Amino acid sequence: MATIITEDCINCGACEPECPNTAIYQGGVEWELNGATHPAIDEDIFYIVPDKCTECVGFFDQEACAAVCPVDCCIPNPDIVETEEVLLARAKELHPEETFGEDFPSRFKGEGGEAAPAEAPVAEATPAAQPAAPAAAPAPQPAPTAAPAPAPVADSVALSIPSVDEWEVPINCHRCDGEFSAPFRHFRIGIVFYCTHCGGSLVVNSSMFKDVATALDSFHAQWVGDFEAFQAKRQRELDEFEERKRVDLENFSATLKQVVSKAKPAGRTHRRLSLFGFQRVG
């Protein structure tokens, strides 16, 4: 069976980057195959092109789109039933550069060689009190470019910021308009967050992740650059100040020598007679 997206779709976009065949498109966007473009299958919500869907056979042991969908709207299409052989053949046609061995992943391979159930796996619900926990384990995403740690500054400068991974990302609930936050290390494509106010779900899509990662990386780079420039300037000023004081010290040494040389020397030893006619030295 090909997989379809039902009208329950909330246009979160979590499924699109997970598809190994680029078979998922946003509503209204034309789809492409072998260099030819075709009209959009749906104008309002994300849709899956049947001619490009392999139910992830050859890549995953379940449909990746169903695994990350927060509302379970990626389901098998009962009108298009296809065998594992047909789906694997399509995968080979779509990916001629790939080599599919005998142990290729497939949702059809259950225990004892029996076919896996057609229903898409349902992600375990996460309590609203734990917004950072993912509802499903998406495919690994590339880690964001790590910003360099802020350069050390003098004790007099106490202002600091968290690392990129520890930065709290503000999240706005589309249902109740409530706000909560989660560390950026959890803010990955396909991760589901639940509102701490109403329990509503939000899925991080590729554009959200890219925008947040770019903003954090840019700010950290600017922050570090400003502190490094400040420190370099302060070091130059310190070096110039020390050089001036070294010259002042040398000049003072010469001045002190002159002061000493101008002072009147002690009187010379002279002789005087005592009462008994002897000379005294004193």
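Note that the coordinates shown come from a computational prediction; the quantities given were computed from them, not determined experimentally. (Residues numbered from 1 in each chain as written. Predicted model: local features only at pLDDT ≥ 70, side-chain atom pairs only at ≥ 80, totals over all residues. Heavy atoms only, no water.)

A. Main features of a negative patch on the surface. A cluster of acidic side chains, namely Glu237, Asp239, Glu240 and Glu242, defines a negative patch on the protein surface. Inspection of the secondary structure puts Glu242 in helix α3 (residues 206–262). (Patch = residues over 30% accessible without salt bridge, like charges linked within 9 Å, V, L, I, M, F, W, Y side chains within 5 Å. Areas by Shrake-Rupley, 256 points an atom, 1.4 Å probe, with all protein chains shown as cover. Salt bridge = Lys/Arg side-chain N within 4 Å of Asp/Glu carboxyl O. Lys, Arg positive; Asp, Glu negative; His and termini not counted. Charge placed at Lys NZ, Arg CZ, Asp CG, Glu CD. Helix = DSSP H or I, 4+ residues; strand = E, 2+ residues; numbered from the N terminus.)

B. Representation of the nonpolar core. Ranked by internal contacts, the top residues of the largest apolar core, which has 17 residues, are Ile171, Phe180, Phe184, Phe187, Phe193, Val204 and Phe209. Sorting the residues of this core by element identifies β7 (168–172), β8 (179–183) and α3 as the ones contributing at least two each. For this core, the element with the most residues is α3, which contributes three residues. Among the nonpolar cores identified, the runner-up in size contains 16 residues, and Ala2, Cys19, Ile24 and Cys65 belong to it. (Core = buried A, V, L, I, M, F, W, Y, C linked by side-chain atoms within 4.5 Å. Buried < 20%, exposed > 50% of the residue type's maximum accessible area, 1.4 Å probe, protein only.)

C. Fine view of unusual backbone geometry. The residue Cys56 is not glycine, and still its phi comes out positive at about 65°. You can see Cys56 is positioned in the loop between β5 (47–48) and α1 (64–68). Exposure remark for Cys56: the relative accessible area of 7% places this residue in the buried category. Located in the positive-phi region is Asp72, a residue other than glycine, with phi close to 55°. Checked against the element boundaries, Asp72 lands in the loop between α1 and β6 (74–76).

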